[in-house]
Amino acid sequence: VTTEAPSVGSSRTGILRSIGCLATPEAASSEPRVLRRAALVWRDGLVEWVGEEAALPEGLGLAETGYAQHEASGALVVPGLIDCHTHLAFGGWRADEFVERLKGTSYLEIARAGGGIARTVRQTRAASAGELYAKAAADLEAMRALGVTTVECKSGYGLSYEHELELLEVYRALASSQPSRIVPTLLAAHVVPAEHARDRDGYLRMVTERLIPEVARRGLARFCDVFVEDGAFSVEEARAVLRAGLGAGLAPKLHVDQLGGDLEGGGGASLAAEVQAASADHLEHVSERGIADLAEAGVVAVSLPIASAVLAQPMMPARRLLEAGVAVAVATDYNPGTAPSFDLHLAMWLACTVQRLAPAEVLRAVTLDAARALLLHDEIGSLEPGKVADFVLLDAPDLDHWLYHFRQRTVVETFVEGERVGCSAPERSH
Ligand SMILES: [Zn+2]
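A quick note: this is a predicted structure, and the numbers were derived from the prediction, not measured.

**Some thoughts on the overall build of the protein chain**
Scanning the protein chain from terminus to terminus reveals 15 helices and 16 strands. The C-alpha radius of gyration computed for the protein chain amounts to 21 Å, which stays within 12% of the reference 22 Å derived for 430 residues, consistent with globular compactness. Viewed in the frame of its principal axes, the protein chain has a C-alpha envelope of about 70 × 45 × 45 Å. For the protein chain, restricting intrachain contacts to residue pairs at least 6 apart in sequence, the fraction spanning at least 24 positions comes to 73%. When the accessible surface of the protein chain is totalled, it reaches about 16,500 Å², and 51% of it is carbon and sulfur. Of the side-chain charges in the protein chain, 39 are positive and 58 negative, and the distance between the mean point of each set is 3 Å.

**Overview of the environment of Ser 176**
Along the chain, Ser 176 falls in helix H5 (residues 161-177). We classify Ser 176 as exposed; its relative accessible area is 64%. Along the backbone, Ser 176 and Ala 111 are 65 residues apart, and their C-alpha atoms lie at a distance of 35 Å. Engagement of the side chain of Ser 176 in a polar contact is seen with the backbone oxygen of Ala 173, the distance being 3.1 Å.

**A word on the sheet that holds strand S6 (residues 81-83)**
Ordered by their spatial adjacency, eight strands build an open sheet running S6-S7-S8-S9-S10-S11-S12-S13, and the pairing between neighbours is parallel. Here the strands that pair on one side only, and so sit at the sheet edges, are S6 and strand S13 (328-330). Each strand axis lies, on average, 25° off the axis of its neighbour in the sheet, ignoring direction. Here strand S12 (residues 300-303) runs beside S13; their pairing, made up of three bridges, is parallel. Bridging from a neighbouring strand, Ser 303 pairs with Val 330 of S13. Of the strands in this sheet, S6, strand S7 (148-154) and strand S8 (181-189) are in contact with helix H4 (residues 129-144), which crosses S7 at around 145°.

**A closer look at the coordination of the zinc ion**
For a metal bound by four donors in a tetrahedral arrangement, the ideal donor-metal-donor angle is 109.5 degrees, while six donors in an octahedral arrangement ideally sit at 90 or 180 degrees. For the zinc ion, the full set of protein donor atoms is His 85 (NE2), His 87 (NE2), His 255 (NE2) and Asp 333 (OD), at a range of 2.0 to 2.3 Å. Geometry at the zinc ion is irregular, judged from its four donor atoms and the angles of 84 to 166° they form at the metal. For the zinc ion, the donor residues sit on a single chain with the sequence spacing H-x1-H-x167-H-x77-D. Residue His 255 is located in strand S10 (residues 251-256), and its partner Asp 333 is located in the loop between S13 and helix H12 (344-353); the two are separated by 78 residues in the primary sequence.

**Thoughts on the pattern of salt bridges**
Counted according to the given criterion, the structure contains 25 salt bridges. For Glu 195, the salt bridge identified is with Arg 125, shortest N-O distance 2.9 Å. One end of the pair, Glu 195, is in the loop between S8 and helix H6 (200-218); the other, Arg 125, is in helix H3 (residues 117-126), with 70 residues separating them in the sequence. Under the relative-accessibility criterion, Arg 125 is labelled partly exposed at 25%. The shortest N-O distance in the salt bridge between Arg 289 and Asp 293 comes to 3.8 Å. Here the residue Arg 289 and the residue Asp 293 both occupy positions in helix H9 (residues 288-297), the gap between them amounting to four residues, near one helical turn. When its relative accessible area of 22% is taken as the criterion, Asp 293 is described as partly exposed. A single network of salt bridges, built from pairs that share partners, joins Glu 169, Arg 172, Glu 214, Arg 217 and Arg 218.

**As for the confidence of the model for the protein chain**
Averaged over every residue, the pLDDT of the protein chain is 94; the share at 70 or more is 95%. Within the protein chain, S6 carries the highest mean pLDDT (99), whereas helix H2 (residues 107-112) carries the lowest (86). Taken together, the stretch residues 425-430 has pLDDT below 50 and engages in nine contacts with residues farther than four places along the chain or on a different chain.

**Focus on the packing of aromatic side chains**
Taken as a whole, this structure holds eight aromatic pairs when the rule is applied. Here Phe 391 and Phe 415 contribute two aromatic rings whose centre-to-centre distance is 4.5 Å and whose plane-to-plane angle is 15°, an arrangement assigned as stacked. Remark: Phe 415 occurs in strand S15 (residues 411-416) and Phe 391 occurs in strand S14 (residues 391-394); sequence separation between them is 24 residues. An identical accessibility class is assigned to Phe 391 and Phe 415; each is buried. Taken together, the ring pairs in this structure connect Phe 90, Trp 93, Tyr 157, Tyr 334 and Phe 342 into an aromatic cluster. If you follow Lys 135 out to its NZ or CZ, it ends over the ring of Phe 90, 3.6 Å from the centre.

**Brief notes about the pairing of strand S3 (residues 46-52)**
Two elements, strand S2 (residues 29-43) and S3, share six bridges in a ladder whose sense is antiparallel. Paired with Ala 38 across the strands is Glu 52, a residue of S3. The antiparallel hairpin formed by S2 and S3 contains two residues in its connecting segment, where Asp 44 sits at a positive phi of about 50°.

**Here's the deal with the side chain of His 255**
The class for His 255 is buried, based on a relative accessible area of 3%. Of the polar contacts made by the side chain of His 255, one reaches the side chain of His 87; its length is 3.4 Å. Within the local environment of His 255, its side chain forms a polar contact with the side chain of Asp 225, the two groups lying 3.2 Å apart. If sequence neighbours within four positions are ignored, His 255 has contacts with His 85, His 87, Lys 154, Leu 187, Asp 225, Val 226, Phe 227, Val 228, Asp 281 and His 282.

**Details of the packing of H5 against H6**
Packing of H5 against H6 brings their axes to within 11 Å, and their N-to-C directions diverge by 25°. In terms of axis orientation, H5 runs roughly parallel to H6. Along this stretch, H5 crosses H6, giving a crossing that reads as right-handed. Along the contact surface, H5 presents Tyr 161, Glu 164, Leu 165, Leu 168, Glu 169 and Arg 172, while H6 presents Met 206, Arg 210, Leu 211, Glu 214, Val 215 and Arg 218. Residues of the contact of H5 with H6, tallied by class, amount to six nonpolar, no polar and six charged.

Reading guide: rules and limits
Residues numbered from 1 in each chain as written. Predicted model: local features only at pLDDT ≥ 70, side-chain atom pairs only at ≥ 80, totals over all residues. Heavy atoms only, no water. Helix = DSSP H or I, 4+ residues; strand = E, 2+ residues; numbered from the N terminus. Rg over C-alpha atoms; globule rule 2.2 N^0.38 Å. Contact = heavy atoms within 4.5 Å. Areas by Shrake-Rupley, 256 points an atom, 1.4 Å probe, with all protein chains shown as cover. Lys, Arg positive; Asp, Glu negative; His and termini not counted. Charge placed at Lys NZ, Arg CZ, Asp CG, Glu CD. Buried < 20%, exposed > 50% of the residue type's maximum accessible area, 1.4 Å probe, protein only. Polar contact = N/O pair within 3.5 Å; in protein donor to acceptor, adjacent residues only side chain to side chain. Pairing = 2+ DSSP bridges. Axes fitted to C-alpha atoms, helices over the stretch in contact; angles between N-to-C directions. Donors = N, O, S within 2.8 Å, 3.2 Å for Na, K, Ca; no water. Tetrahedral: all angles 85-135°; square planar, octahedral: opposite > 155°, others 65-115°. Salt bridge = Lys/Arg side-chain N within 4 Å of Asp/Glu carboxyl O. pLDDT = per-residue confidence, 0-100. Phe/Tyr/Trp six-rings, centres within 6.5 Å; stacked < 30°, edge-to-face > 60°. Lys NZ or Arg CZ within 6 Å of the ring centre and 35° of its normal. Parallel < 35°, antiparallel > 145°, perpendicular 65-115°, else oblique. Left-handed = near helix turned anticlockwise from the far one by under 90°. Nonpolar A, V, L, I, M, F, W, Y, C, P; charged D, E, K, R; others polar.

The following block contains the structure:
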């Protein structure tokens, strides 16, 4: 599809012509901008111009001035997709638990029997950094083939000072060697590790007094996240961890109101509002007060419909949140227990069919509002002059048709910072 002329400029400078339909959310409007027969021009990895091809300014995008020439051949073009909630680096799998849950055993029953997160912690600690890196790198390559250009990556399967740092160092190595944009999050407060079962306070002191300062000193994470749930951490414990993170420059995120939630008060959602979290994630059981608090504080709600489907739970009431004025993002929650798939297209399709979001709302949920959940909305998430030239070419006539005629292998090309990063990578499984 793409032919590149000999370029005299930056490899990150180019023009894409013959776009059948370009769809991008815009910060200033709840409606996406949709252009037919469009062109996209970028210089040094940043969008320079976007519009109808007939309106292309004379002299812009010429091969002799250094623009690589690309043809979209009628493809649909959207901003690079953003998976704003994953647990990318982990050791081992838990297919047997998946089958147990299908037979009716609950998530909490499996966890009490030594399965669940604790089991992945044992398997992750047993893996070498090289093994964790290789598996995550292969997953990132397959995600780029789905058009996913930015991936938030949580620690949380190390759960000791050394192992949490090791996971974040794996993410740093991936960030410097992979074309994908990696956004690392410290999730040391995922659960209390088995060896600290009788000493929760000791574990939390290690996290707040030693781990968080060291993560900040090494520049290993952008966010600090806590899992607020029965069997994980209380609202009070989460508040202490997030305040320590804030003190070290790590912005708060939260896993809240997933399995039960506080239906009387605001639950975890109200804590997210109180600490001005970048996002509150899950929210399957969010209360009306929680929704009101999120709206008032401007916290992004991140829906994880694959996890809800795997756990046979009701999904986040995304429509109610949107109507209350809360921005809604959609992500995979990729992890070996409750969301063993990194297929963001599947999460998008569930957001349409089960949560009843329109394709335009779902596009915004995996681009501009996902960028907001990562505090990167000034740089990525839409195709506007000055923003990063991350985009995807899709084999579909328009946005509605893409999510309606759901099928594999719709991605034609993926670009990060104006450079092609490959597509149709074979999915490696394990
Ligand atoms: Zn998660």
